[in-house]
Amino acid sequence: MDFIIRNERTEDSGTVENLVRESFWNVYRPGCLEHFVLHEMRHSPDFVPELDYVMEKDGEIIGQNVFVKAKIDADDGRKIPILTMGPICISNKLKRQGYGKKLLDFTLEKAVSLGYGAVCFEGNIDFYGKSGFDFAEKFGIRYAGLPEGEDASFFLCKELIPGYLDGVTGEYSTPECYFVDEKDAEAFDSLFPPKEKLKLPGQIF
């Protein structure tokens, strides 16, 4: 292997936030919020520091992934503890070379070793399906606020413990730590080198 995967250290924070900024810039919106989301997320009680990982190659941080505690509000009244994931990214210069899947599979295995039962999050099935994710609706899990009949193909799930979601139907809500004030995000982004925000085809915001 020409890389290592290790837990993020406090001194890595700025480097990792810049990596996330570079990776997500102008992808889903002009500019991005993901680096600020990550910055704020680290202070959330739902953040799982044991599952905060970076990937290094030749002494340089080239990838990262984080997990946050979440829950399914089951139709029978139970609160089913699960994880959600991200931001996850690989350096732009190394994308589509297999590093992302290696990082994803490693961090999922670590989540298994810590006893977590399932992961739900928003992503592209073409990539995440290769690591065992499937459409969450197949598990009986709905995305909060999405009207019945609307396309939910972005909402994915993977059981970490086989059978963990057997008999469970219910609704998933994105944890509060993923929601940030855009003015605060702008102020945070001003601490980084200037980058041009572009409105591009395929953006969703």
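For the structure given in this document, a descriptive report is provided here.

Conventions adopted
- Counting of residues starts from 1 at the beginning of each chain's written sequence and follows it residue by residue.
- Reporting of local features is limited, given that this is a predicted model, to residues whose pLDDT is at least 70; pairs of side-chain atoms are given and counted only at 80 or more, and all residues count toward the totals for whole chains, interfaces and linings.
- As a rule here, side-chain values cover all heavy atoms of the structure and leave hydrogens and water aside.
- Think of a 1 Å grid over the protein atoms and nothing else: a 1.4 Å probe that fits but is trapped marks a cavity, an open set flanked by protein within 12 Å on at least five of seven lines marks a pocket, and residues with an atom within 4 Å of a point count as lining.
- Grid points are joined across faces, edges and corners, and a volume is the space filled by probe spheres set on the points.
- Numbering of helices and strands runs from the N terminus, with a helix taken as a DSSP run of H or I at least four residues long and a strand as a DSSP run of E at least two residues long.
- Residues are grouped as follows: Ala, Val, Leu, Ile, Met, Phe, Trp, Tyr, Cys and Pro are nonpolar; Asp, Glu, Lys and Arg are charged; all remaining types, including Gly, are polar.
- Fitted lines through C-alpha atoms give the axes, limited to the stretch in contact for helices. The angle between two N-to-C directions lies from 0 to 180 degrees.
- Roughly parallel here means an angle under 35 degrees, roughly antiparallel means over 145, roughly perpendicular means 65 to 115, and every remaining angle is called oblique.
- It only takes one pair of heavy atoms within 4.5 Å for two residues to be counted as in contact.
- Working definition: rings of Phe, Tyr and Trp (its six-membered ring) pair if their centres are within 6.5 Å, and the pair is stacked with planes under 30 degrees apart, edge-to-face with planes over 60 apart, and tilted otherwise.

Okay, the layout of surface pockets next. The space that makes up the largest pocket amounts to roughly 1600 Å³. Contributing to the lining of the largest pocket are 43 residues, with F24, Y28, E34, E122 and G123 lying nearest its centre. Going through the elements one at a time, α1 (13-24), α2 (34-41), β5 (79-85), β6 (89-90), α3 (99-113), β7 (118-122) and α4 (125-128) are the ones with two or more residues in the lining of the largest pocket. The leading source of residues in the lining of the largest pocket is α3, at 4 residues. Across the lining of the largest pocket, the residue classes break down as 25 nonpolar, 10 polar and 8 charged. By volume, the second largest pocket is sized at about 240 Å³. If you go around the second largest pocket, you meet 15 residues; those closest to its centre are R142, Y143, L146, E148 and A152. No other element matches the 3 residues that strand β9 (residues 141-143) contributes to the lining of the second largest pocket. Residue classes in the lining of the second largest pocket are distributed as 7 nonpolar, 3 polar and 5 charged.

Moving on, we come to the packing of α2 against helix α5 (residues 182-189). Where α2 meets α5, the closest approach of the two axes is 9 Å, and the angle between their N-to-C directions is 100 degrees. When the interaxial angle is binned, α2 and α5 end up roughly perpendicular. Side by side, α2 and α5 meet where H35, F36 and H39 of the first sit next to D184, A185, F188 and D189 of the second. Looking at side-chain class alone, the contact of α2 with α5 contains 3 nonpolar, 2 polar and 2 charged residues.

Overall, the coordinates contain 13 aromatic pairs when judged by the stated rule. With a centroid separation of 5.1 Å and 70 degrees between ring planes, the pair formed by Y143 and F155 is classed as edge-to-face. You can see Y143 sitting in strand β9 and its partner F155 sitting in strand β10 (residues 155-159), a full 12 residues away along the chain. Among the aromatic residues, those joined into a ring-pair cluster are F121, F127, Y128 and F133.

The quantities given are spatial measurements derived from coordinates; they are silent on function.
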